[in-house]
Amino acid sequence: MMNYKKALVTGGAGFIGAHLTEKLHQNNIEVLVVDNLLTGKKENLLSLDLENTIYGDVGSEETLKIIKNFNPDVCFHLAAQSSVVISVEDPLLDFEHNLLQPVQLIKTLLETDCKQFIFTSSGGTIFGEPEVIPTSEDDYAGEPASPYGLAKKKLNELIEVMLQNETMSYSILNLSNVYGPRQDPHGEAGVMSIFTGKLMNNETPTIYGDGKQTRDYIYVLDVVDALIKSAETDDNLFLNIGTGVETSVNELVSILSQKISWDGEPEYAPKREGELLRSVLNNERAKSQIGWEPKYTLDTGLDELISWFSK
Ligand SMILES: NC(=O)c1ccc[n+]([C@@H]2O[C@H](COP(=O)([O-])OP(=O)(O)OC[C@H]3O[C@@H](n4cnc5c(N)ncnc54)[C@H](O)[C@@H]3O)[C@@H](O)[C@H]2O)c1
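What you are looking at is a predicted structure, and each value in this text was computed from that prediction instead of being measured. (Residues numbered from 1 in each chain as written. Predicted model: local features only at pLDDT ≥ 70, side-chain atom pairs only at ≥ 80, totals over all residues. Heavy atoms only, no water.)

**Q** Before we go on, may I ask you to explain the pattern of salt bridges in this structure?
**A** Under the defined criterion, the tally for this structure stands at 14 salt bridges. Linking R285 and E137 is a salt bridge whose minimum nitrogen-to-oxygen distance equals 3.8 Å. Highlighted residues: R285 in helix α9 (residues 284-290) and E137 in the loop between β5 (116-122) and α5 (147-163), separated in sequence by 148 residues. By relative accessible area, which is 25% here, R285 ends up partly exposed. A relative accessible area of 4% means that E137 is categorised as buried. Three or more residues are tied together by salt bridges with common partners; here these are E137, D138 and R285. (Salt bridge = Lys/Arg side-chain N within 4 Å of Asp/Glu carboxyl O. Helix = DSSP H or I, 4+ residues; strand = E, 2+ residues; numbered from the N terminus. Buried < 20%, exposed > 50% of the residue type's maximum accessible area, 1.4 Å probe, protein only.)

Written out as structure tokens, the structure is:
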């Protein structure tokens, strides 16, 4: 249950953030959304008619002043430069949005009555190229291969250090590959939306590498559920949020082709630098510590996604 009144959602106009904001709003939580529209879209929030929305950087002086006045009970920090590829091209931009501004935010929240800081980290990058499959929370196999992964991992550590002796508790959720309605099919992330969009338009999808690379695809509403559940305890949490099910890109295209009745062949292009071979998360800790488990399978989640695309 949601036993708080006011929530700050950073990145609330983004893919996951808009679903979370919608859920909080439906439960009569007063939400302050902060989003600089780097990848977020105002239209994602249009139907909610929110009272408090700031379209600007979370770390700007002006935003931090408003956050302080708003005085949230809980902060869901989702704002991020969310593309691995862009982080490689422009590491400075990534560090600005994924490390510097979040630290400024945490410092400001420590001057408020905020009790919980909940952060969406990245289970697909922070562990390096995994040696243990499915990967659990302690299975680090080396440094992340991208500035994006490195910034996520460093922010995890900074959160732990900055909040270790504070009354504001933290939850760090290492998400696997999230998919669902509203994910940008034209973006860099979200292979699922890119493929679904292409096949539904009868266009040929491009697979980078041999397509045998695997990912752990989790439906966005399962992630929202994990975010909400992690705010129900004031314990500090470090949890993997994934399905534990490994699916190769070739399998994904084949399942989608069947569902959409597309009978073409995908195109293959050279493997992308820094892409992991296998990625799937062990979610046992989340099951035991917050009683969370995914409700959607790949089959039911894809049906939801396809029906959204059809509209
Ligand atoms: N989608 C995934 O598969 C996935 C996997 C692991 C982790 N995550 C993390 O989950 C969070 C949400 O991801 P998403 O998939 O919804 O991506 P998204 O790009 O749709 O959402 C991120 C939002 O943050 C906003 N933003 C960026 N920098 C900001 C700043 N400095 N101040 C204010 N707003 C800012 C963007 O405009 C965008 O709306 C991110 O932290 C992302 O790294 C996502």
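**Q** Explain the site of the ligand to me, please; I cannot follow it from the model alone.
**A** Taken together, 29 residues form the shell around the ligand, and within it D35, T39, S82, H97 and Y148 come nearest. Compared with its free state, where it exposes 810 Å², the ligand has 93% of that area covered by protein. Going through the elements one at a time, α1 (15-26), α4 (91-109), β5, α5 and β7 (177-179) are the ones with two or more residues in the shell around the ligand. When residues of the shell around the ligand are assigned to their parent elements, the largest contribution, three residues, is made by β5. (Near = heavy atom within 4 Å. Areas by Shrake-Rupley, 256 points an atom, 1.4 Å probe, with all protein chains shown as cover.)

**Q** Help me out: how do you make sense of the side chain of Q101 in this one?
**A** By the secondary structure assignment, Q101 is in helix α4. The buried category is assigned to Q101, whose relative accessible area is 3%. In this structure the side chain of Q101 is engaged in a polar contact, spanning 3.4 Å, whose partner is the side chain of D57. A polar contact is formed between the side chain of Q101 and the side chain of E96, at a distance of 2.9 Å. (Polar contact = N/O pair within 3.5 Å; in protein donor to acceptor, adjacent residues only side chain to side chain.)

All quantities given are derived from atomic positions and should not be read as evidence of function.
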